[in-house]
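Structural features, examined
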Amino acid sequence: MQVAHPSTLHNAASLAGMNKAVLRKMDQRGPRYTSYPTADRFSSDFAVTDYLHAVSDRRSMSAWRALSLYLHIPFCDTICYYCACNKIVTKNRAKASLYLSYLKREISMQGSLFSGMNQVEQLHFGGGTPTYLSDEQMGDLMAHIRKSFTLAPDHVGEYSIEIDPRTVSVERVQSLRAQGFNRISLGVQDFDPDVQRAVNRVQSEEQTLEIIRAARETGFRSVSIDLIYGLPRQNVMSMSRTLAKVIAASPDRIAVYNYAHMPQLFKTQRQINEADLPSADSKLDMLSLCIRQLTAAGYVYIGMDHFAKPTDDLAIAQQQGRLHRNFQGYSTHSETDLVACGVSAISAVGGSYSQNEKTLDGYYARLENSTLPIARGIQLGMDDVLRRLIIQRLMCNFELSINSLEIAYPIVFREYFAAEMEKLKALEEDGLIKIEPEWITVEPKGRLLIRNICMVFDRYLAADRDKAARDNKDAPQRYSQTV
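Small disclaimer: the values here were computed from a predicted structure and weren't measured. (Residues numbered from 1 in each chain as written. Predicted model: local features only at pLDDT ≥ 70, side-chain atom pairs only at ≥ 80, totals over all residues. Heavy atoms only, no water.)

1. So, the packing of aromatic side chains
- Counted according to the given criterion, the structure contains 13 aromatic pairs.
- By way of ring pairs, the aromatic residues Phe75, Tyr99, Tyr102, Tyr132, Tyr363 and Tyr364 are connected into one cluster.
- We note Arg177 situated over the ring of Phe220; from NZ or CZ to the ring centre the distance is 6.0 Å.
- The cationic tip of Arg459 hangs over the ring face of Tyr460; the distance from NZ or CZ to the ring centre is 4.5 Å. (Phe/Tyr/Trp six-rings, centres within 6.5 Å; stacked < 30°, edge-to-face > 60°. Lys NZ or Arg CZ within 6 Å of the ring centre and 35° of its normal.)

2. Regarding the sheet that holds strand β18 (residues 399-401)
- A sheet is described by the order of its strands in space; here three strands give the open sequence β18-β20-β19, paired in antiparallel fashion. Either end of the sheet is taken by a strand with one partner, and the two such strands are β18 and β19 (433-435). In this sheet, neighbouring strand axes are inclined to one another by 10° on average, regardless of whether the strands run parallel or antiparallel.
- The sheet contact formed by β19 and strand β20 (residues 439-442) spans three bridges and is antiparallel. Residue pairing in the sheet places Ile435 in a bridge with Ile440 of β20.
- Most of the contacts of helix α16 (residues 418-429) go to β19, to which it runs at about 125°, and overall it touches β19 and β20. (Pairing = 2+ DSSP bridges. Helix = DSSP H or I, 4+ residues; strand = E, 2+ residues; numbered from the N terminus. Axes fitted to C-alpha atoms, helices over the stretch in contact; angles between N-to-C directions. Contact = heavy atoms within 4.5 Å.)

3. Here's the deal with the state of the cysteines
- Evaluation of the coordinates by the stated rule reveals zero disulfides.
- Of all cysteine sulfurs, the one in Cys80 lies closest to Cys290, which takes part in no disulfide; the gap is 19 Å. (Disulfide = S-S within 2.5 Å.)

4. Things to note about the packing of helix α4 (residues 94-113) against helix α5 (residues 135-148)
- Here α4 crosses α5 at 15°, and the two axes come no closer than 9 Å. In this view, α4 runs roughly parallel relative to α5, as classed from their interaxial angle. Where α4 crosses over α5, the handedness of that crossing is right-handed. Of α5, the residues touching α4 (which contributes Ala96, Ser97, Leu100, Leu103, Lys104, Ile107, Ser108 and Gly111) are Gln137, Asp140, Leu141, His144, Ile145 and Ser148. (Parallel < 35°, antiparallel > 145°, perpendicular 65-115°, else oblique. Left-handed = near helix turned anticlockwise from the far one by under 90°.)

5. Looking at the pairing of strand β14 (residues 337-341)
- Summarising burial for β14: five of the five residues are buried, a large majority.
- By the alternation rule, side chains of β14 split into Asp337, Val339 and Cys341 and Leu338 and Ala340, which are all buried.
- Two strands pair when backbone bridges link them, and strand β1 (residues 67-73) and β14 are joined in this way by five bridges, in the parallel orientation. In the sheet register, Tyr70 faces β14, and the bridge partner there is Ala340. (Buried < 20%, exposed > 50% of the residue type's maximum accessible area, 1.4 Å probe, protein only.)

6. Thoughts on the environment of Asp383
- Inspection of the secondary structure assignment puts Asp383 in helix α13 (residues 382-397).
- Placed 76 residues apart in sequence, Asp383 and Arg459 show a C-alpha to C-alpha distance of 9.3 Å.
- The contact partners of Asp383, leaving out residues within four places of it in the chain, are Tyr416 and Arg459.

7. Section: the pattern of salt bridges
- Under the criterion given, the structure shown has 25 salt bridges.
- The residue Asp337 makes a salt bridge to Arg65 at a minimum N-O spacing of 2.8 Å. Here Asp337 is found in strand β14, whereas its partner Arg65 is found in the loop between α3 (48-59) and β1, with 272 residues between them in sequence.
- We classify Asp337 as buried; its relative accessible area is 3%.
- Given a relative accessible area of 28%, Arg65 falls into the partly exposed group.
- For Asp192, the salt bridge identified is with Arg241, shortest N-O distance 3.7 Å. Of the two residues, Asp192 sits in the loop between β7 (183-189) and α7 (193-198) while Arg241 sits in helix α9 (residues 236-249), which places them 49 residues apart along the sequence. (Salt bridge = Lys/Arg side-chain N within 4 Å of Asp/Glu carboxyl O.)

8. Here's the deal with α9
- Helix length check: α9, at 14 residues, gives a terminal C-alpha distance of 20 Å against a target of 20 Å (1.5 Å per residue), a fit within 8%.
- Those residues of α9 lying buried are Ser238, Met239, Thr242, Leu243, Val246 and Ala249. Projected down its long axis, α9 shows its buried positions confined to an angular sector of 135°, all on one face. Structural note: α9 exposes Met237 and Ala248 on the side pointing more than 90 degrees away from its buried face.
- Put simply, Asn235 is the residue that caps the front of α9, since its side-chain oxygen is 3.0 Å from the backbone nitrogen of Met237.
- Directly after α9, the chain includes Ser250, whose backbone phi takes a positive value near 60°. (Expected span 1.5 Å × (residues − 1). Arc of directions from axis to C-beta. Polar contact = N/O pair within 3.5 Å; in protein donor to acceptor, adjacent residues only side chain to side chain.)

9. Description of the nonpolar core
- Ranked by size, the top nonpolar core spans 132 residues in total, and within it Leu71, Leu103, Phe125, Leu141 and Phe413 carry the most contacts.
- Ranked by the residues each element gives to this core, the list is headed by helix α10 (residues 280-296), at seven residues.
- Excluding residues within four positions of it along the chain, Phe125 makes contact with Tyr70, Leu71, Ile73, Pro130, Met138, Leu141, Met142, Ile145, Ser160, Ile161, Glu162 and Phe181.
- Counting ten residues, the second largest nonpolar core, distinct from the first, contains Tyr81, Cys83, Tyr259 and Ile272. (Core = buried A, V, L, I, M, F, W, Y, C linked by side-chain atoms within 4.5 Å.)

10. Some thoughts on α3
- Over its twelve residues, α3 runs 17 Å from end to end, which matches the ideal 16 Å to within 8%, given 1.5 Å per residue.
- For α3, every residue scored as buried is listed here: Val48, Tyr51, Ala54, Val55 and Arg58. Summarising the axial view, the buried residues of α3 lie within an arc of 120°, below the 170-degree limit, and thus occupy one face. What points out from α3, more than 90 degrees from its buried face, is the exposed set His53 and Asp57.

11. Regarding the confidence of the model for the protein
- Looking at the protein, pLDDT values average 89 and 92% of them are 70 or higher.
- Under a pLDDT of 50 for its full length, residues 1-16 has, in the predicted model, 40 contacts with residues more than four places off or in other chains. (pLDDT = per-residue confidence, 0-100.)

12. Some details on unusual backbone geometry
- Here the bond from Tyr36 into Pro37 is cis, since omega is -5°, no more than 30 degrees from zero.
- Within the secondary structure, Pro37 is located in the loop between α2 (20-26) and α3.
- Following Gly127, the chain continues to Gly128 via a peptide bond in cis, the omega torsion being 25°.
- In this fold, Gly128 is placed in the loop between β4 (119-127) and α5.
- One non-glycine residue, Gln189, lies in positive phi territory at about 75°.
- On the basis of relative accessible area, Gln189 is assigned to the buried category, the value being 8%.
- Despite not being glycine, Asn200 shows a phi value in the positive range, around 60°.

Below is the structure:
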């Protein structure tokens with residue numbers, strides 16, 4: 001475990017008062033680093049056999065780590081215009097029944113592969129809308145998971161599900177708890193009716209509050225709310241009203257995501273009237289407001305877009321240096337391999353990432369042939385693992401011990417990262433980081449720009465820029481804006 005540097009602080013005033021000129025200068029496209037290398041670097045050269053080798057290597061370890069299990073349920077009843085998820089919007093419930101038959105087949109295959117080392121301490125259902133599944137289908141799926149994997153006891157394991165409050169009742173929340181879920185995440189985005197209509201997500205405050213109350217009364221350990229800033233027809237005043245309502249509901253965690261308008265990549269976003277989108281300055285004002293209002297209400301700014309109560313496991317894990325970042329965002333379970341099932345789902349086992357087929361037809365065809373539906377992935381080399389560790393520590397702890405890296409890896413840090421150190425000096429001049437002989441520390445106002453800081457260590461981005469310069473072209477527009 002990395003020992004925290006004594007200068008690490010949570011300074012909300014510095015965060016909220018960030019110089020707009022610096023923010024504008026740093027606002028560029030960049031990864032969110034739910035993995036490194038990022039998923040766009042995966043290759044079809046990575047095959048099922050590579051994944052099997054990764055699992056075999058894990059089995060040969062003297063001590064097995066617990067697993068994190070992710071299930072992707074891609075279906076939704078209605079379309080939300082802002083959404084960039086891999087989803088299927090349909091009223092035809094038979095499609096879900098067919099999907100579940102194949103999903104259970106994949107779960108069984110993975111369970112057999114991890115037999116004897118298959119204890120799960122973290123389970124997450126994402127989508128799409130997982131509660132698109134009926135109560136009976138969900139119960140059957142959870143029973144199937146328990147046949148294939150060993151779930152840790154309720155007080156140990158973290159078992160979470162994303163829900164759309166428009167699709168569940170109080171009785172359904174009670175049933176989800178009985179089925180084994182102990183954490184719940186609610187999509188809200190914004191309570192303002194004009195904003196909701198602009199993104200085709202009309203959801204009353206009463207619906208949301210009723211589900212939160214039901215979750216607490218039923219014994220869910222944690223309730224999380226997702227918000228988005230930068231949506232059409234949003235402004236500082238409407239955002240302030242939404243934040244006040246969310247704070248009054250007192251969720252344990254709050255995520256405030258930056259809306260990335262990329263209609264060239266996501267067709268559903270073409271339904272949004274671009275004239276209704278807030279300006280860049282308005283978005284910065286909303287971000288500053290979120291930080292001020294949430295920290296004033298007692299929430300800890302975890303990083304990027306996440307806030308949590310000081311008593312929440314996420315805040316405690318960060319204090320203890322156990323915070324981790326994966327494809328579901330920030331996580332308390334750092335010492336786990338991630339096994340992901342479902343269309344487009346991404347696993348992280350050992351020094352490898354692997355992604356399933358992105359289409360239902362491709363996903364089904366692989367399973368029909370009795371093979372795991374892996375379409376692409378990447379095997380990490382030493383440089384990848386080292387840079388992944390650096391990015392993880394900066395993202396989660398906002399600091400980096402140079403000595404600990406030199407002990408763990410055969411490098412002299414300032415020599416190995418000579419080019420990166422030059423770029424870091426420029427960030428230090430902007431007041432975003434502090435460079436000391438043994439530490440690199442992200443300053444409070446640098447936390448807003450942690451993606452930019454981590455981008456310095458991304459050799460794939462550097463290669464993109466070098467190639468674009470040689471070809472006299474712009475670098476590929478793979479990512480969303482960092483601010």
